[in-house]
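# Coordinate analysis (summary)
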Amino acid sequence: MPSDGAGVARWGVELPVVQAGMGGGISDHRLASAVSEAGGLGTIAVPGAGPIAAEIASARQLTGRPIAVNLLLPFARRSWFAAASEADVVVTFWGRPRRRTPRTWLHQAGSVAEAAAAQAAGADGVIVQGVQAGGHVRGTMPAFDLLERVRARLPDGYPLLVAGGIAEPADVRDALEAGACAAVAGTRFLLSEESRAHPAYKERLIDAEETVLSDLFGAGWPAQHRVVTNAATEHWLGTDGRAPRLNRALNQVLGAGARFVPPRIQGRLAAAQRPASRMLGPTPPTDSGPENLVEAGPLYAGETVRRIGEVRPAAELVRALTP
Ligand SMILES: Cc1cc2nc3c(=O)[nH]c(=O)nc-3n(C[C@H](O)[C@H](O)[C@H](O)COP(=O)(O)O)c2cc1C
């Protein structure tokens, strides 16, 4: 079923291309504003009320078009929602959805039940995430299969977006034809000039042919994530992508307290992380972070990585992705 007519225009967005929020500092105002200025919807993903406010202000200097902010529900506090509500769209992920912003609110869901819960809680739209997605993965089936099931369950015309497996214009066209009002891409925009991923991380992804769905980098957030292999995954992972039982047990124990660890301490823990460390946190390597994370941290990437062969400017990507 083709997308309903209103599409993303209802949110003031011109083109049906959304850049996924990528945490750990990968998508800041530079990437988000470049995407939005090109007609898509760019998404800022930084932790903390102060940094969120500063990033929105910087993005506003670079574009007058709508900007989104991404918040992870297990970590986001009330003040973060207040700061994020200065953006045009707030995108939430992971956890029990409820409306916490007067702005347009989208929730990323990995199942029919999660999508229905978000719609019932008043979300203005749902991003359906497939299992092929990069970063933290809630979906358990291919994105288009889930889209079809969610479409059948939710009211006609309710805005759905699809994430996972989007890297080329044909993917976006397929998404629109399948009834989505937009396609959401993370990995494709990670491999843009404006993303803050460490240059060595980008190089690894350009060379990569495959990804692994794992629970290895679960210290502080014991949730499944899709990554490209590095020294840490080589050291710890079995063929099933699972971390050893003791690592998982420690991650579960630490998970509850993670949101209370101040960013300064988290930074120190990340800098001390080595491939053979039993506790491996979720911070990816960025151009301003510690270099050790290229081998000891998560190289988040979706399955599309095998189809991506170059780093390009974000605006060019928005235009290229638009069918
Ligand atoms: C490097 C990276 C970081 C991510 N960080 C977040 C995040 O902080 N919040 C979020 O909602 N989703 C995050 N995601 C998942 C995206 O929202 C989206 O589901 C995913 O990128 C879609 O799959 P793709 O990467 O194959 O395009 C991240 C994805 C990647 C690749």
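What comes next concerns the included structure. (Residues numbered from 1 in each chain as written. Predicted model: local features only at pLDDT ≥ 70, side-chain atom pairs only at ≥ 80, totals over all residues. Heavy atoms only, no water.)

## Comments concerning the packing of aromatic side chains
- Scanning the entire structure with this criterion turns up three aromatic pairs.
- Aromatic pair F75 and W221: ring centres 5.3 Å apart, planes at 85 degrees, arrangement edge-to-face. Within this pair, whereas F75 is found in the loop between β3 (67-72) and α3 (78-84), its partner W221 is found in the loop between β10 (212-214) and β11 (225-228), the two being separated by 146 residues in sequence.
- A relative accessible area of 9% means that W221 is categorised as buried.
- For the pair F93 and W94, a centre-to-centre distance of 5.3 Å together with 85 degrees between the ring planes defines the contact as edge-to-face. Neither F93 nor W94 differs from the other in exposure class; each is buried.
- Geometry around W11 places R10 over its ring, the cationic atom sitting 5.5 Å from the centre.
- The ring of W94 has R138 sitting right over it, with the charged end atom 4.7 Å from the ring centre. (Phe/Tyr/Trp six-rings, centres within 6.5 Å; stacked < 30°, edge-to-face > 60°. Helix = DSSP H or I, 4+ residues; strand = E, 2+ residues; numbered from the N terminus. Buried < 20%, exposed > 50% of the residue type's maximum accessible area, 1.4 Å probe, protein only. Lys NZ or Arg CZ within 6 Å of the ring centre and 35° of its normal.)

## Looking at the nonpolar core
- Membership of the largest hydrophobic core comes to 58 residues, with the highest contact counts inside it found for V126, F189, L190, Y201, L205 and L216.
- Among all residues touching Y201, those that are not within four sequence positions of it are I26, L190, P284, P285, P298, L299 and Y300.
- By size, the runner-up hydrophobic cluster in this structure holds 23 residues, among which are I52, F81, A83 and A223. (Core = buried A, V, L, I, M, F, W, Y, C linked by side-chain atoms within 4.5 Å. Contact = heavy atoms within 4.5 Å.)

## Notes on the site of the ligand
- Inspection of the region around the ligand gives 24 residues, with G23, N70, Q108, G186 and T187 positioned closest.
- Between the ligand and the protein, one listed contact pairs an oxygen atom with a backbone N or O atom of G134 at 3.3 Å.
- Protein chains shield 96% of the accessible area of the ligand, which is 580 Å² for the free molecule.
- Going through the elements one at a time, β3 and α7 (187-190) are the ones with two or more residues in the shell around the ligand.
- Taken together, the residues of the shell around the ligand sort by class into 11 nonpolar, 13 polar and no charged. (Near = heavy atom within 4 Å. Polar contact = N/O pair within 3.5 Å; in protein donor to acceptor, adjacent residues only side chain to side chain. Areas by Shrake-Rupley, 256 points an atom, 1.4 Å probe, with all protein chains shown as cover. Nonpolar A, V, L, I, M, F, W, Y, C, P; charged D, E, K, R; others polar.)

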